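Structural overview
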Amino acid sequence: MARRGLSSTALTACFAGPLFNMLLSLALGFSAHFAKEGVSRAAVVLTPDLILGCVCLVGYNLVVAAVGLLNKNMLPKRFYLFARSWYALYLAAAAYMGLREWVAA
């Protein structure tokens, strides 16, 4: 899409596709749970690793928006270096939290 001059469509698809899949899978999962258990609510526990994922995701999206706005609605060519570094940092922190929990058990 980007090579055809539809870069905004391609970028939108990068965010909208996974978001749609996540929301649809959550809706189907909760619907199945509610139907099976015969309830209309479920308790959701915010564990530290879930909070880490949410903070990293929101932080990354804020950086993408800020960098895009500061660069005339374009991301720099080497922005992938930041994206990979951010993901590596998240992965290392999540692995550390998981290993720490595993050793403590």
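Reading the values: rules and limits
- Residues numbered from 1 in each chain as written.
- Predicted model: local features only at pLDDT ≥ 70, side-chain atom pairs only at ≥ 80, totals over all residues.
- Heavy atoms only, no water.
- Helix = DSSP H or I, 4+ residues; strand = E, 2+ residues; numbered from the N terminus.
- Patch = residues over 30% accessible without salt bridge, like charges linked within 9 Å, V, L, I, M, F, W, Y side chains within 5 Å.
- Areas by Shrake-Rupley, 256 points an atom, 1.4 Å probe, with all protein chains shown as cover.
- Salt bridge = Lys/Arg side-chain N within 4 Å of Asp/Glu carboxyl O.
- Buried < 20%, exposed > 50% of the residue type's maximum accessible area, 1.4 Å probe, protein only.
- Domains from an automatic or database assignment.
- UniProt positions renumbered as here; feature names shortened; annotations may be inferred.

1. What to know about unusual backbone geometry
Residues other than glycine seldom take positive phi values, yet K72 does so here, at roughly 55°. Checked against the element boundaries, K72 lands in the loop between helix 2 (48-70) and helix 3 (79-104). Positive phi, close to 60°, is recorded for N73, a residue that is not glycine. Relative to the assigned elements, N73 resides in the loop between helix 2 and helix 3.

2. Digging into a nonpolar patch on the surface
A grouping of L19, M22, L23, L26, F30 and V44 is seen on the molecular surface, where their side chains present a nonpolar patch of about 540 Å² in accessible area. Under the relative-accessibility criterion, M22 is labelled partly exposed at 42%.

3. Overview of the domain arrangement of the protein
Taken domain by domain, the protein holds domain 1 (1-42) and domain 2 (45-104). Centre-to-centre separation of domain 1 and domain 2, based on C-alpha positions: 20 Å.

4. Description of the environment of A95
Position of A95 among the secondary structure elements: in helix 3. Assessed through its relative accessible area of 38%, A95 is described here as partly exposed.

5. Things to note about the UniProt feature "transmembrane region" (unreviewed entry) in the protein
As recorded in UniProt, the sites labelled "transmembrane region" (unreviewed entry) are residues 50-70 and 79-99. Secondary structure across residues 50-70 comprises 100% helix and 0% strand; the distance between its end C-alpha atoms is 30 Å. The annotated region residues 79-99 carries 100% helix and 0% strand content, and the separation between its end C-alpha atoms amounts to 30 Å.

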